[in-house]
Amino acid sequence: MSKKIMIQGGKPLNGEINISGAKNAAVAIIPAAILVDGVCRLENIPNIVDVMVQLDIVKGMGAGVRFLNPTTVEIDATHIGTDEPPYELMRKLRASYYLMGALLSRYHKAEVAMPGGCNFGGVRPIDLHIKGFEALGAVTSIKEGGFVCVEAENGLIGKTIFLDVVSVGATMNIMLAATLAEGTTTIENAAKEPHIVDLANFLNAMGADICGAGTDVIKIHGVEKLHGGTYSIIPDQIEAGTYMAAVAATGGSLTLNNIIPKHLECISTKLIEMGAEVEYTDDTVRVTRTDPLHKTNIKTLPYPGFPTDMQPQMAIPLCLADGASVITEGVWDSRFRYVDELRKMGADVHVDGKVAVFNGVPKLMGAPVTAYDLRAGAAMIIAGLAAQGETAISDTRHIERGYDDIVGKLQSVGAQIEYVEVADEGGEN
Ligand code: UD1
């Protein structure tokens, strides 16, 4: 048996949703706990598959992992006994690459399986991570079976590293490796995403000495060891943005609690251009859309630009806006595979490489569609909510990787959406 998400669309969303902790911060902070001698208590942990896999990986390495309540977990890596994490779990998760930086920092050696995760149709390289480790003195080899081995026999020594492409993963991984290195590491042209600041704040709370996170120059002064402590993970920018895009597509009014307004500015600017109203308090945002949608153009860029992880979700209100809107993908080579699914629902979209033109149509119609990756899956849900009639979404496992109880949260604001068990149709696609 497998699961599908069934949606009866065409209903506005109204009410309140609590936003969970940030996936991309949590999947970096959990491996970062490997650097700590003592107990890390992490609060605001999202209940999503990627986080549970990351916790299983550190548990498989011998760390103590204990939930105090559904959103608070304690990790004690004081006595982790192996530098070889459970390979099969690692292959499931893109963010398992953070174990490289963490293990290298603590043990001066890491052998890890090449990471899995969302495939946007192109290659997701880790050459910049490796270049960073090598600059700090590690030697890398690729072993049979898709394993990467990084080793620094004499320990890591701080250096200045210039990233020729702005990379979230490389910035965080080098930060992890440098935390217990000798001397100072400077990352130039660093990524500035909120989860980078969150990782630095977590490490500093545990005794690291990192400054500049959130700017494009980060300095990491190596320290001898980290100590235990308590840390609360930031709210998920992309989860909040997904519900903002959903109410823009369906109409209605949603209040999102537990958000950081600054992180959502790039998204609300576009929603306002499309005709929505956006009002903030210190930690909530209300998005209301009553008037017809206007066209706009979006280009995805590293933070503080418009996030690539919001690109598929924002495409849905654009499918329904007046006139032609253009989305340019500025981060990944290819991230428009989902538009084939939208065409099944009546969308009028033309893709040429990194550019997609959405000619607005008066309505979308429900259809059977597939969630090809995490954010494409979220886009399918939004399309189903906005469409007339029934939408059935298959391959929902991608959505569960990154959204905490998305079906329950949407039901609570008036959506007619549910999981149904279906007999397997044979093979995955
Ligand atoms: C992270 C996010 C992902 C998001 C992406 C961009 C996590 C777990 N995932 O992915 O959801 O879409 O940031 O915001 O946090 N690149 C290289 N060499 C490298 C690494 C990256 O050329 O070694 C290129 C990539 O091909 C891409 C660009 O840099 O074009 C950005 O990638 P990066 O920021 O590293 O993405 P991830 O950290 O993998």
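Residues numbered from 1 in each chain as written. Predicted model: local features only at pLDDT ≥ 70, side-chain atom pairs only at ≥ 80, totals over all residues. Heavy atoms only, no water.

**Notes on the nonpolar core**
If you look at soluble globular proteins, the nonpolar side chains tend to sit buried side by side.
Consideration 1: Grouped together as the largest cluster of nonpolar side chains are 82 residues, with contacts concentrated most on L42, M175, L199, F202, L203 and L226.
Consideration 2: When near neighbours in sequence (up to four residues on either side) are disregarded, L203 contacts A32, L35, M175, L176, T179, A208, I210 and L226.
Consideration 3: Of all hydrophobic cores here, the second largest spans 72 residues; its members include M274, F306, L320 and A378. (Core = buried A, V, L, I, M, F, W, Y, C linked by side-chain atoms within 4.5 Å. Buried < 20%, exposed > 50% of the residue type's maximum accessible area, 1.4 Å probe, protein only. Contact = heavy atoms within 4.5 Å.)

**Topic: the domain arrangement of the chain**
Consideration 1: Per the domain assignment, the segments making up the chain are domain 1 (2–20 + 235–422) and domain 2 (23–232).
Consideration 2: For domain 1 and domain 2, the distance between their C-alpha centres works out to 30 Å.
Consideration 3: Every contact between the two is made by 21 residues of domain 1 and, on the other side, 18 residues of domain 2.
Consideration 4: Carbon and sulfur atoms supply 56% of the area buried between domain 1 and domain 2, which totals about 1800 Å² over both sides.
Consideration 5: When the buried area of domain 1 at its contact with domain 2 is split by residue, Y303, W332 and R401 rank highest and sum to 37% of it. (Domains from an automatic or database assignment. Buried area = accessible area lost by both parts, 1.4 Å probe.)

**Here's the deal with the pairing of strand β19 (residues 348–352)**
Consideration 1: Sheet topology note: the β19/strand β20 (residues 355–359) ladder contains 5 bridges and is antiparallel. Pairing of V349 across the sheet is with F358, part of β20.
Consideration 2: Taking the residues that link successive antiparallel strands as the turn, the β19-β20 hairpin has 2 residues, and the phi of G353 there is positive, at about 60°. (Pairing = 2+ DSSP bridges. Helix = DSSP H or I, 4+ residues; strand = E, 2+ residues; numbered from the N terminus.)

**Overview of the site of the ligand**
Consideration 1: Inspection of the region around the ligand gives 19 residues, with L128, S167, V168, D309 and V331 positioned closest.
Consideration 2: Separating an oxygen atom of the ligand from a side-chain N or O atom of S167 is a distance of 2.6 Å.
Consideration 3: Contact with the protein chains removes 89% of the 740 Å² of surface that the ligand exposes when unbound.
Consideration 4: Counting residues per element, the ones that place at least two in the shell around the ligand are α5 (127–135) and α6 (168–179). (Near = heavy atom within 4 Å. Polar contact = N/O pair within 3.5 Å; in protein donor to acceptor, adjacent residues only side chain to side chain. Areas by Shrake-Rupley, 256 points an atom, 1.4 Å probe, with all protein chains shown as cover.)

**Observations regarding the packing of aromatic side chains**
Consideration 1: In the structure shown here, the tally under the stated rule is 4 aromatic pairs.
Consideration 2: Considering the side-chain rings of Y87 and F147, the 4.5 Å spacing of their centres and the 65° angle between planes classify their relative orientation as edge-to-face. Highlighted residues: Y87 in helix α3 (residues 87–91) and F147 in strand β8 (residues 147–151), separated in sequence by 60 residues.
Consideration 3: The cationic tip of R91 hangs over the ring face of F147; the distance from NZ or CZ to the ring centre is 5.2 Å.
Consideration 4: Taking the ring centre of Y372 as reference, the NZ or CZ of R337 above it sits at 3.8 Å. (Phe/Tyr/Trp six-rings, centres within 6.5 Å; stacked < 30°, edge-to-face > 60°. Lys NZ or Arg CZ within 6 Å of the ring centre and 35° of its normal.)

**A few points about the packing of α6 against helix α7 (residues 194–205)**
Consideration 1: Running from N to C, α6 and α7 cross one another at 10°; their axes reach a closest spacing of 10 Å. Here α7 runs roughly parallel to α6, going by the angle between their axes. Across the interface between the two elements, V168, T171, M172, M175, L176 and T179 from α6 touch H195, I196, L199, A200 and L203 from α7.
Consideration 2: Residue classes in the contact of α6 with α7 are distributed as 8 nonpolar, 3 polar and no charged. (Axes fitted to C-alpha atoms, helices over the stretch in contact; angles between N-to-C directions. Parallel < 35°, antiparallel > 145°, perpendicular 65-115°, else oblique. Nonpolar A, V, L, I, M, F, W, Y, C, P; charged D, E, K, R; others polar.)

**Brief notes about the side chain of E193**
Consideration 1: Mapped onto the elements of the fold, E193 is located in the loop between β10 (184–188) and α7.
Consideration 2: One buried charge, E193, has no salt-bridge partner; the nearest side chain with opposite charge is K192, at 8.1 Å.
Consideration 3: From its side chain, E193 meets the backbone nitrogen of Y303 in a polar contact 3.0 Å long.
Consideration 4: Residue contacts for E193: discarding those within four places in its chain leaves V168, P302 and Y303. (Lys, Arg positive; Asp, Glu negative; His and termini not counted. Salt bridge = Lys/Arg side-chain N within 4 Å of Asp/Glu carboxyl O.)

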